[in-house]
Amino acid sequence: MVEINGIEEREIVQWIKKHFNQDDDDLSIGIGDDCASFNTRKGHQTLVSTDTLVENTHFELNWAKPGNLGEKSAAVSLSDIAAMGGQPRYALLNLNLTSSVDKRWIKAYLKGFKNALATCKCVLIGGNVTIAPAGLGFTVTAIGEVKPEHCVTRAGAKPGDAVYVTGTPGDSALGLDLLREKRRSYSTAERKLISRHDSPKPRIGWGQLLASKKIASAMIDISDGVAMDLERVLTTSKVRATIELDRFPLSKESAAIVAKKGETAWRRILGGGEDYELLFTVPPSKQASLDRLIQSGRITATRIGATSKGAPSLRILDHQEADLDIDNYGWTHNLE
Ligand SMILES: [Mg+2]
């Protein structure tokens, strides 16, 4: 029996069973057996993705609030389902606990986790609890579904497609920088950036919209930064791309930091990651449909560049239309 600070594994599982909704028409066996079991809906394919948040790699206990961590550990996996145009259905949660957390902390974590699942009607169907001498870890496996004809991968970009991002990527990295300063107080603008890091919102509805209307030819969620995630699309789709900083959508808060710090801030914006926005490519034939969605306010997305024919490579043009030396930008890029 796993026990930590006087809480037994059984108690955590019972709390989860009591508080997490198991009501789902396709779920035949939920939490409490050796396996969960669900029926796959006809005409849909299953999507599966898993991700882990690890203490001192992805968060530090002295600044991460348990509720935010719960929310974020769900969001990072749900975001992968969003990036394929899918609908999340089920989740598995593996908790790796240490003696640095108590019962109140764990319950706050689970509440945040539950809230994130509830936003997209995703049902927790199982998991595991272990304890380790050090290093909290939260692994979430998300299971989703998508109609095969709507599934969007990283491989579909063609030369001449436009490159788009949703929202204002970069906020999360700048928010993390502020958290690392461990200040006593932050301004309203700073707190806004911090909250973009602490509680990212996976773009599930937007992903489905772009997929079901066949607007996105390729798509990825921004987990490791616009530059690296775009490079992944380019490598898989075998195209090159040029993006322009003049087009890049900055939040008011990020723009203020760019005005002050210039290139240092751009480095974080393009290379920082953990935004969980979507990056996607759009063929010319779908441009008008996307424009209508943007104008009607159904999606927030900005064109940052375009793809072209040639060996996969990424050019980033700065405000003078000069090439940024991306080798100095702190991310590893290995395009074949
Ligand atoms: Mg991803």
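Below is a summary of the structure that appears in this document. Every value quoted in this text rests on a predicted model; they were computed, and no experiment measured them. As a convention, each chain's residues are numbered from 1 in the sequence order in which they are written. A pLDDT threshold of at least 70 governs which residues receive local features in this predicted model, and a stricter bar of 80 or more applies before side-chain atom pairs are shown or counted, although totals over entire chains, interfaces and linings include all residues.

### Let's talk about the overall build of the protein
Cut-off, in case you're wondering: Secondary structure follows DSSP: runs of H or I at least 4 residues long count as helices, runs of E at least 2 residues long count as strands, and numbering of each begins at the N terminus. Exposure is read from a count of other C-beta atoms within 10 Å of each residue's own; the residue is exposed at 12 or fewer, buried at 20 or more and partly exposed in between. C-beta atoms are placed from the backbone. Here contacts are defined at the residue level, using C-beta atoms placed from the backbone and a cut-off of 7 Å between them.
If you tally the helices and strands in the protein, you get ten helices and 14 strands. For the protein, the spread of C-alpha atoms along the principal axes amounts to about 60 × 55 × 40 Å. The proportion of buried residues among the 336 residues of the protein is 43%. Counting only contacts in the protein whose residues sit at least 6 apart along the sequence, the fraction spanning at least 24 positions is 85%.

### What to know about the sheet that holds strand β12 (residues 278-282)
Applied cut-off: Two strands form a pair only when DSSP identifies at least two bridges running between them. Lines fitted to the C-alpha atoms define the axes, with helices restricted to the stretch that makes contact. Angles between their N-to-C directions range from 0 to 180 degrees.
Reading across from one edge, β10-β12-β9-β13-β11-β14 is the order of the six strands in this open sheet, with mixed pairing throughout. One side of each edge strand has no neighbouring strand; the edge strands of this open sheet are β10 (218-221) and β14 (314-317). The mean inter-strand angle of the sheet, taken between neighbouring strand axes irrespective of direction, is 25 degrees. Strand direction decides the pairing type here: strand β9 (residues 162-166) and β12, joined by four bridges, are antiparallel.

### Points about the packing of helix α8 (residues 252-261) against helix α9 (residues 263-271)
Note the threshold: Between 65 and 115 degrees an angle is taken as roughly perpendicular, under 35 as roughly parallel, over 145 as roughly antiparallel, and anywhere else as oblique.
Closest axis-to-axis distance for the α8/α9 pair is 6 Å, and the angle between their directions is 140 degrees. As summarised for this structure, α8 and α9 are arranged oblique, according to the angle between their axes. Across the interface between the two elements, Ser-254, Ile-257, Val-258 and Lys-261 from α8 touch Thr-264, Ala-265, Trp-266 and Ile-269 from α9.

### Let's talk about the pairing of strand β6 (residues 87-97)
Bridging between β6 and strand β8 (residues 137-146) involves nine bridges; their strand directions are antiparallel. Across the sheet, Pro-88 pairs through a bridge with Gly-144, a residue of β8. Strand direction decides the pairing type here: β6 and strand β7 (residues 123-131), joined by eight bridges, are parallel. Bridging across to β7, Tyr-90 finds its partner in Val-123.

### What about helix α4 (residues 171-180)?
The element α4 is largely enclosed, with a buried count of seven among its ten residues. Along α4, the positions that sit buried rather than exposed are Asp-171, Ser-172, Ala-173, Leu-174, Gly-175, Leu-176 and Leu-178. If you follow the buried residues of α4, they end up packed against α5 (188-198), α8 and α9. Among the residues trailing α4, Lys-182 stands out with phi positive, at a value near 50 degrees.

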